[in-house]
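Listed below, chain by chain, are the residues.
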Amino acid sequence: MEIIARMNVGGPATQILGLYERLNLEEFDHRLYTGQVEENESDRLGVRDGGARIHRVAGLGRSVRPADDWRALLRLAAEMRAFRPHIVHTRTAKAGALGRVAARLARAGSAWDGGRTAHVFHGHLLDGYFSPVKRRLYVMAERRLAAMTDHLVTVGAKVRDDLLAAGIGRPGQYVVIPPGVRLGAVPGREAARAHLGLPRTRRSSPSSAGSRG
């Protein structure tokens, strides 16, 4: 069960679509739960018909609105009780909070057992987003959420180290998985120089290249 606030253009949506398109459907029942994108954003899902695999959850967008958030939380918990997924995989701050709390509610309210929760930090909101007071509230919330999470995934060691320094989670919970990037064919030397607008034969001397940093 994959949960993300919105499937706008970006790395998280790209990773989710990679799973959506390539997981063996005979072996995996992979379902995506997401909200709506903002008016000024593009929706990676478009008009894609996912049947039972894509579920739009009202209130699960980027904006924080208590009434909508509560409605989305109850919907996610109900879906978990019905689906009983082996893995609840959350991404982005709001979806990570609602998804993990919903998993706790679903476990408490049904016979579902044995599922695991994983949250991916594609970055964090520790610096440059909040006032000091709001930052403390954010850290407190993430600490509590980490306590109800089985695995925490970060896209880089620096993100993991920053979160640990803030007291979010334990070292044993973390795994670092760098984003996968598909490389195109590497051009030959002449083609590369032509593409960059460089002369075909001229070479910079080591001294001149070093002097330009």
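Preceding this paragraph is the structure being described.
Cut-off values and rules
Residues numbered from 1 in each chain as written. Predicted model: local features only at pLDDT ≥ 70, side-chain atom pairs only at ≥ 80, totals over all residues. Heavy atoms only, no water. Patch = residues over 30% accessible without salt bridge, like charges linked within 9 Å, V, L, I, M, F, W, Y side chains within 5 Å. Areas by Shrake-Rupley, 256 points an atom, 1.4 Å probe, with all protein chains shown as cover. Salt bridge = Lys/Arg side-chain N within 4 Å of Asp/Glu carboxyl O. Helix = DSSP H or I, 4+ residues; strand = E, 2+ residues; numbered from the N terminus. Buried < 20%, exposed > 50% of the residue type's maximum accessible area, 1.4 Å probe, protein only. Phe/Tyr/Trp six-rings, centres within 6.5 Å; stacked < 30°, edge-to-face > 60°. Lys NZ or Arg CZ within 6 Å of the ring centre and 35° of its normal. Pairing = 2+ DSSP bridges. Axes fitted to C-alpha atoms, helices over the stretch in contact; angles between N-to-C directions. Core = buried A, V, L, I, M, F, W, Y, C linked by side-chain atoms within 4.5 Å. Contact = heavy atoms within 4.5 Å.

Asks: Help me out: how do you make sense of a nonpolar patch on the surface in this one?
Replies: A cluster of nonpolar side chains, contributed by Val-133, Leu-137 and Met-140, occupies part of the molecular surface with about 300 Å² of accessible area. Among the secondary structure elements, Val-133 is positioned in helix α4 (residues 132-147). For Val-133, a relative accessible area of 48% translates into the label partly exposed.

Asks: In this structure, what is going on with the packing of aromatic side chains? I would like to understand it.
Replies: Between two aromatic rings, the relevant description is the distance of the centres plus the angle of the planes. According to the stated counting rule, one finds 1 aromatic pair in the structure shown. Consider the rings of Phe-130 and Tyr-138, whose centres lie 5.6 Å apart with planes at 45°: the pair is tilted. Note on Tyr-138: relative accessible area 11%, which makes it buried. The ring centre of Phe-83 lies 3.8 Å from the NZ or CZ of Arg-31, which sits over that ring. The aromatic ring of Tyr-20 is capped on one face by Arg-53, whose charged end is 3.9 Å from the ring centroid.

Asks: Honestly, the pattern of salt bridges in this entry has me stumped. Any pointers?
Replies: One side chain can pair with another of opposite charge once the charged atoms of both are near each other. Applying the stated rule across the entire model yields 9 salt bridges. In this structure, Asp-69 and Lys-94 form a salt bridge, with 2.7 Å as the shortest nitrogen-oxygen distance. Of this pair, Asp-69 sits in helix α2 (residues 66-83) while Lys-94 sits in helix α3 (residues 93-109); the two residues are 25 residues apart in sequence, bridging distant segments of the chain. As far as the burial class goes, Asp-69 and Lys-94 line up, both buried. The partner of Lys-158 in a salt bridge is Asp-162, and the shortest N-O contact between them spans 3.0 Å. Remark: Asp-162 and Lys-158 occur in helix α5 (residues 157-165); sequence separation between them is 4 residues, near one turn of the helix.

Asks: What is the right way to read the sheet that holds strand β1 (residues 2-4) from this model?
Replies: Hydrogen bonds along the backbone pair up the strands of a sheet, which may run parallel or antiparallel. Taken in spatial order, the 7 strands of this open sheet run β3-β2-β1-β4-β5-β6-β7, and their pairing is parallel. Edge strands, defined here as strands with exactly one partner in the open sheet, are β3 (54-56) and β7 (174-176). On average, each strand axis in the sheet is tilted by 20° relative to the strand beside it, whichever way the strands run. Pairing analysis gives 5 bridges linking strand β4 (residues 87-91) to strand β5 (residues 116-121), with the strands arranged parallel.

Asks: Could you clarify how one ought to interpret unusual backbone geometry in this entry?
Replies: One can expect most non-glycine residues to show negative phi and most peptide bonds to be in trans. In this structure, Arg-84 is a non-glycine residue whose phi angle is positive, near 55°. Relative to the assigned elements, Arg-84 resides in the loop between α2 and β4. By relative accessible area, which is 47% here, Arg-84 ends up partly exposed. We note that Thr-92 has phi near 70°; this positive angle belongs to a residue other than glycine. With respect to the helices and strands, Thr-92 occurs in the loop between β4 and α3.

Asks: Even after reading the chapter, I still don't get the nonpolar core, so can you show me in this structure?
Replies: Among the nonpolar cores identified, the biggest contains 18 residues, and Met-1, Ile-3, Tyr-33, Leu-60, Leu-76 and Met-80 are the most heavily contacted of them. Secondary-structure elements contributing two or more residues to this core are α2 and α3. For this core, the element with the highest residue contribution is α2, accounting for 6 residues. When sequence neighbours within four positions are dropped, the list of residues in contact with Met-1 reads Arg-31, Tyr-33, Leu-76, Glu-79, Met-80, Phe-83, Pro-85, Ile-87, Val-88 and His-89. Counting 11 residues, the second largest nonpolar core, distinct from the first, contains Leu-126, Val-139, Leu-163 and Tyr-174.

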